[in-house]
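The lines below spell out each chain.
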Amino acid sequence: MADTKKKSTKKQKNILKPSGKLGVMIPGMGGAVSTTFIAGVEAIRRGIGKPIGSLTQMARIRIGKRTEKNSPLIKDFIELAGLDDLVFAGWDIYPDNCYEASLKAGVLDKDQVEALREPLERLKPMPAVFSRDYVKNLDGRHLKKGKTKMDLAKQVIEDIENFKKESGVSRLVMVWCGSTEIYIKQSPVHASITAFEKGLRENHPDIAPSMIYVYAALKCGVPYANGAPNLSVDFPAMMDLAKKNGLPIAGKDFKTGQTLMKTILAPGLKSRMIGLHGWFSTNRLGNRDGEVLDDPYSFKTKEESKLSVLEYMFQPELYPELYSDYYHKVRINYYPPRGDAKEAWDNIDIFGWLGYPMQIKVNFLCRDSILAAPIVLDLVLFLDLASRAGFDGIQEWLSFYFKSPMHGEGLYPEHDLFIQLMKLKNTLRYLKGEELITHLGLDYYNLM
Ligand SMILES: NC(=O)c1ccc[n+]([C@@H]2O[C@H](COP(=O)([O-])OP(=O)(O)OC[C@H]3O[C@@H](n4cnc5c(N)ncnc54)[C@H](O)[C@@H]3O)[C@@H](O)[C@H]2O)c1
């Protein structure tokens, strides 16, 4: 009886059905993350792999009280596109098809890639918008040519329109899986759509290739997520364009490996009021991403993204005795023999009761792209959901997936993985008109 009553008061948001195919457009289509994501989806479609690490495919969401024991899979709870409905396309500075690129990336076993040869071979990247001025350690040859950055943007727009027409998809999303570009600070050219378009026509040096893809996507009505730490979509001109065209955007920098561990550990230490003297993090990786980050200008972009995490989680301004004076260092070392199997070391100097020091050592032998691929999948499906639900601008509820979450003006980014997860799940409950879960729980004890 109570159940029926609750159902009738539900105020579900208007979410358009995910009918038709969903196009997934990826700058950096030949990279380790991208090929691991695409090959993974192909493997899962064929029943020869499982979507481990993906919330949209594997996680459940509790609805109602604990006593109701109602925890459906997220994908059964809310209308998401199915994996069979995804159609891939993208750009890269190398012409290798996804089969060749997967083999070169060396993330997945050769046998597994071989089993997926046919669908992967069909995926060939379109020529990229690229310049070595923005990624020093790469030298591409599969590139677009144009006198101005606006010419290049128009070519990307044409690519998007052609793909939409030829593939027959009904909706599109774009996820940047391209290399980390050099550190660029926001400048007046990023301040408004007008200034940005003038900058495109005049080849302004503060407009990096990634921004040209974002501009093209948003002009074509395509939601965008940024998997790298580049400025890319994170400035007023692009935020205005996203709002103007009613499009969701999200970023930046996929939260995998070491930063994932940081955002798991730090909230735990902070919640117990354990102090911090220092956190020293090093990474050894040997993939192309590592090669790009070997350049100090690209590393600077990554460093900013990795460093910001602790500051926001520990809140030294609120807890000066515990966190005002810690030393935080992040290093990335390019070490080719390790390939994509990164090794991350963390030494954490903490202190407890009466100031007594302790240490934690974390040695994470991880596989970066194996951790990143399910993030790409979830972002694709959730961005599409956001778009169908009429959400536009920054999607803070997707902070869960990013090292350096985009946030509204005047807000600080939320880094705590567990708060991020609660926010994500409550957003889904909100969309479906279900009660939000606060974990107060007093009503179980007849106190209310
Ligand atoms: N691997 C991870 O777990 C992880 C985690 C967080 C963020 N990231 C970021 O995601 C991005 C991809 O990582 P990856 O490991 O796949 O790197 P990768 O070097 O294997 O792939 C990047 C691809 O982008 C291509 N590229 C570079 N500039 C381009 C452009 N302008 N247009 C089109 N293609 C372009 C490169 O040729 C390459 O194939 C990087 O920026 C990386 O920092 C990766």
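Residues numbered from 1 in each chain as written. Predicted model: local features only at pLDDT ≥ 70, side-chain atom pairs only at ≥ 80, totals over all residues.

1. Describing the overall build of the protein chain
Point 1. Scanning the protein chain for helices and strands turns up 17 helices and 11 strands.
Point 2. The C-alpha atoms of the protein chain give a radius of gyration of 22 Å, which matches the 22 Å a tight globule of 448 residues would have.
Point 3. Overall size of the protein chain, expressed as C-alpha extent along the three principal axes, is 70 × 55 × 50 Å.
Point 4. Counting only residues that meet the buried cut, the protein chain has 45% of its 448 residues in that class.
Point 5. Excluding contacts between residues fewer than 6 apart, the proportion of contacts in the protein chain whose partners are at least 24 apart in sequence is 77%. (Helix = DSSP H or I, 4+ residues; strand = E, 2+ residues; numbered from the N terminus. Rg over C-alpha atoms; globule rule 2.2 N^0.38 Å. Buried ≥ 20, exposed ≤ 12 C-beta atoms within 10 Å, placed from the backbone. Contact = placed C-beta atoms within 7 Å.)

2. Comments concerning the pairing of strand β2 (residues 86-92)
Point 1. Among the 7 residues of β2, 6 are classified as buried, and the element is accordingly described as predominantly covered.
Point 2. For strand β1 (residues 22-27) and β2, the ladder comprises 6 bridges, and the chain directions are parallel. For I26, the partnering residue across the bridge sits in β2 and is G90.
Point 3. Taken together, the 2 bridges between β2 and strand β3 (residues 126-127) define a ladder with parallel strand orientation. Residue pairing for β3: D92 is matched across the bridge by P127. (Pairing = 2+ DSSP bridges.)

3. As for the site of the ligand
Point 1. For the ligand, the set of nearby residues contains 36 residues, the closest of which are G28, G31, A228, R288 and D368.
Point 2. Of all elements in the fold, only α2 (32-45), β2, α13 (288-293) and α16 (368-388) reach the threshold of two or more residues within the shell around the ligand.
Point 3. In terms of residues, the shell around the ligand owes the most to one element, α16, which gives 4 residues.
Point 4. Grouping the amino acids of the shell around the ligand by side-chain chemistry returns 19 nonpolar, 12 polar and 5 charged. (Near = placed C-beta within 6 Å. Nonpolar A, V, L, I, M, F, W, Y, C, P; charged D, E, K, R; others polar.)

4. What about unusual backbone geometry?
Point 1. Of note, the bond from G251 into K252 is cis; its omega dihedral lies within 30 degrees of zero at -10°.
Point 2. Along the chain, K252 falls in the loop between β6 (248-250) and α12 (257-271).
Point 3. One non-glycine residue, N203, lies in positive phi territory at about 55°.
Point 4. By the element assignment, N203 lies in the loop between α9 (193-201) and α10 (209-219).

5. Comments concerning the environment of G227
Point 1. In this fold, G227 is placed in the loop between β5 (224-226) and α11 (236-244).
Point 2. Under the C-beta neighbour-count criterion, G227 is labelled buried, with 32 such atoms within 10 Å.
Point 3. Setting aside chain neighbours within four positions, we find G227 in contact with V33, V175, W176, C177, D253, F254 and V376.

6. Let's talk about α16
Point 1. Its 21 residues give α16 an end-to-end C-alpha distance of 31 Å, which sits within 8% of 30 Å, the value for a rise of 1.5 Å per residue.
Point 2. Counting buried residues in α16 gives 19 out of 21 residues, a clear majority hidden from the surface.
Point 3. Positive phi shows up at G390, right after α16, with a value of about 80°. (Expected span 1.5 Å × (residues − 1).)

7. Here we look at the pairing of strand β9 (residues 343-351)
Regular strands place their side chains on alternate faces of the sheet.
Point 1. As paired strands, strand β7 (residues 275-285) and β9 are joined by 9 bridges and run antiparallel to one another. From the neighbouring strand, N283 faces β9, where its bridge partner is A344.
Point 2. Between the antiparallel neighbours β9 and strand β10 (residues 357-365) lie 5 residues, among them L354 with a positive phi of about 65°.

8. Here's the deal with the sheet that holds β6
Point 1. Taken together, the 7 strands give an open sheet; going across it, the order is β3-β2-β1-β4-β5-β6-β11, and neighbouring strands pair in parallel fashion. Both outer strands of the open sheet, β3 and β11 (393-394), are each paired with one neighbouring strand and no more.
Point 2. In the packing of α10 onto the sheet, the strands contacted are β1, β4 (171-176) and β5, and the crossing angle to β4 comes to about 165°. (Axes fitted to C-alpha atoms, helices over the stretch in contact; angles between N-to-C directions.)

9. Topic: the packing of α2 against helix α5 (residues 98-105)
Point 1. At their nearest, the axes of α2 and α5 sit 9 Å apart, and the two run at 120° to each other. When the axes of α2 and α5 are compared, the pair comes out oblique. Considering the relative orientation of α2 and α5, their crossing is left-handed. Mapping the contact onto sequence places A32, T35, T36, I38 and A39 in α2 and C98, A101, S102 and A105 in α5. (Parallel < 35°, antiparallel > 145°, perpendicular 65-115°, else oblique. Left-handed = near helix turned anticlockwise from the far one by under 90°.)

10. Focus: the domain arrangement of the protein chain
Point 1. Here the domain parsing of the protein chain yields domain 1 (2-254 + 370-431) and domain 2 (257-365).
Point 2. With 27 residues of domain 1 in contact, the opposing surface of domain 2 contributes 28 residues.
Point 3. Taken together, the residues that form the side of domain 1 that touches domain 2 break down as 13 nonpolar, 8 polar and 6 charged. (Domains from an automatic or database assignment.)

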